[in-house]
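# Residue-level structural notes
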Amino acid sequence: MGNSDFSVTAFMCVFNEADILPYTLRHLIDQGVDVHVIDNWSTDGSDRIAQQFPLVGFERFPSEGDGGIYRWRLLLHRVEALATASRASWCVHHDADEIRRSCRSNESLLNALRRMDGEGYTAADHTVLCFHPVDELYAGNPERHFRHYSDDGVDNGLPHIKAWKNLGRVLLARSGGHEAEFEGRRICPERLLLKHYPIRSSEQGARKVLTERVPRFDPVERAMSWHVQYDRLAQTKQWVRDPQTLREWSSAKDTTTCNSAA
C-alpha cells in the first residue's frame, strides 16, 4: 500500500465522557486519524456529541442495550471485529479520555504511524502519563488545563500496544485491551505518548467511579482481576490531588522526552 493510500482508524469505546469527548475527538481528527465510536449506551449525551463530528462510523453497542453491566470483553471483541473489517492501514484501540501524540516535534499521529510502517514495524507501544486535577476549574481543552501527572499507577506497569498494522484479526480481549496480539508482531522501540485524563473534578470523579464504573463492572471480569484501577480511589475519594505530590508537565517534555518520562 502506497503512502498516498495510508490511513489510520481509531476505534473508541465511550460511556459518559461528555465533558472531554469533544476535545479527544477533535484532537484525533486534527491528527489525521479517522474515528469509529462505539457508544456503550451513554446517558449524558456523549452519543449526540460524537455524532456531531465527521466520524467514519458510529454505533450503540450492544444493540439490545448494556443491561446495566459494563462488559469490557464484549466491547473488546467488537473492536477486534470492526478492525478486521476495516480498510485502514493501521488501527488504534483508543479510550475517550486520552490524548495521544508522537514523541517527535510537529509530527502528527498519522505521520508517526506512517513512519513506523515504513521502517517495518507492525505495532506501537505507548508511554502512559495519568494527569490529575489539582483544582475544580476544569472546562475546555484537557491538555491546556491539566499540568500535573503521575506515572506510578496500575496501568504504568502494563504494556499499551494499542496501535497496529491492519494485517488481519488481532486479539485484544485476552489482555484486557492492553495488547493487540497477532502473529509476526514487530513493536517499534520508539513509543507514542498517551496522556490519560480519567478524573477531571470531584463531581465528575465521584460520579464516574462510584456510580458509573465500580458498581457496573462485570463480576466475572472482576474475578479475573480486571477493573482494579479505581479500587483505591473508591476508598480514599481523593479526587483532587495536591500538586506537590505530582510531577509538573513542561511543554519541552511534550515531544522530546516522553519516551523516558515513565
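Above this note sits the structure.
Treat the numbers as computed from the prediction; the structure is a model and nothing was measured.

### Overview of the overall build of the protein chain
Helix and strand counts for the protein chain stand at nine helices and 10 strands. Over its C-alpha trace the protein chain gives a radius of gyration of 18 Å, about what one expects of a compact globule, namely 18 Å for 262 residues. In terms of its C-alpha atoms, the protein chain occupies a principal-axis envelope of roughly 50 × 45 × 35 Å. Burial analysis of the protein chain (262 residues in total) assigns 54% to the buried set. Pairs at least 24 residues apart make up 73% of the contacts formed inside the protein chain by residues separated by at least 6 positions. Carbon and sulfur atoms provide 47% of the accessible area of the protein chain, an area that totals close to 11,800 Å². Positive and negative charge centroids in the protein chain, built from 33 and 37 side chains respectively, lie 1 Å apart.

### A word on the packing of aromatic side chains
For the structure on display, the rule yields eight aromatic pairs. With a centroid separation of 5.8 Å and an interplanar angle of 40 degrees, the aromatic rings of Phe 146 and Tyr 197 are classed as tilted. Here the residue Phe 146 occupies a position in the loop between α5 (142-145) and β7 (148-150), and Tyr 197 occupies one in the loop between β9 (187-196) and α6 (202-213), the gap between them amounting to 51 residues. Of the residues examined, Phe 146 reaches a relative accessible area of 2% and is grouped as buried. The buried category is assigned to Tyr 197, whose relative accessible area is 1%. Each residue in the set Phe 131, Tyr 138, Phe 146, Tyr 149, Tyr 197 and Trp 249 is aromatic and connected to the rest through ring pairs, giving one cluster. When the ring centre of Phe 15 is taken as reference, the NZ or CZ atom of Arg 216 above it lies at 4.0 Å.

### Brief notes about unusual backbone geometry
In this model, Phe 61 is joined to Pro 62 through a cis peptide bond whose omega is -5 degrees. Inspection of the secondary structure assignment puts Pro 62 in the loop between β3 (57-60) and α3 (72-85). Its identity as a non-glycine residue notwithstanding, Trp 41 has a phi of 65 degrees, on the positive side. Its place among the elements puts Trp 41 in the loop between β2 (34-39) and α2 (46-50). Take Trp 41: its relative accessible area is 27%, and that puts it in the partly exposed class. In this model, His 227 sits at a positive phi of 60 degrees, which is unusual for a non-glycine residue. Topologically, His 227 is positioned in the loop between α7 (219-223) and α8 (231-236). Under the relative-accessibility criterion, His 227 is labelled buried at 7%.

### Section: helix α1 (residues 21-30)
Three or more residues of α1 are buried, namely Leu 21, Thr 24, Leu 25, His 27 and Leu 28. With its buried residues spanning 160 degrees around the axis, α1 presents them on a single face. Here the buried face of α1 lies against β1 (8-14), β2, α2, β4 (90-95), β5 (98-101) and α4 (109-118). In the stretch just after α1, Gly 32 is the one whose phi turns positive, near 90 degrees.

### Thoughts on the side chain of Glu 98
Mapped onto the elements of the fold, Glu 98 is located in strand β5. A distance of 3.1 Å separates the side chain of Glu 98 from the backbone nitrogen of Asp 95, its partner in a polar contact. Among the polar contacts made by the side chain of Glu 98, one reaches the side chain of Arg 100 at a distance of 2.6 Å. Not counting the four nearest positions on each side in its chain, Glu 98 is found in contact with Thr 24, His 93, Leu 194, Lys 195, His 196 and Tyr 197.

Thresholds, definitions, all that
- Residues numbered from 1 in each chain as written.
- Predicted model: local features only at pLDDT ≥ 70, side-chain atom pairs only at ≥ 80, totals over all residues.
- Heavy atoms only, no water.
- Helix = DSSP H or I, 4+ residues; strand = E, 2+ residues; numbered from the N terminus.
- Rg over C-alpha atoms; globule rule 2.2 N^0.38 Å.
- Buried < 20%, exposed > 50% of the residue type's maximum accessible area, 1.4 Å probe, protein only.
- Contact = heavy atoms within 4.5 Å.
- Areas by Shrake-Rupley, 256 points an atom, 1.4 Å probe, with all protein chains shown as cover.
- Lys, Arg positive; Asp, Glu negative; His and termini not counted.
- Charge placed at Lys NZ, Arg CZ, Asp CG, Glu CD.
- Phe/Tyr/Trp six-rings, centres within 6.5 Å; stacked < 30°, edge-to-face > 60°.
- Lys NZ or Arg CZ within 6 Å of the ring centre and 35° of its normal.
- Arc of directions from axis to C-beta.
- Polar contact = N/O pair within 3.5 Å; in protein donor to acceptor, adjacent residues only side chain to side chain.

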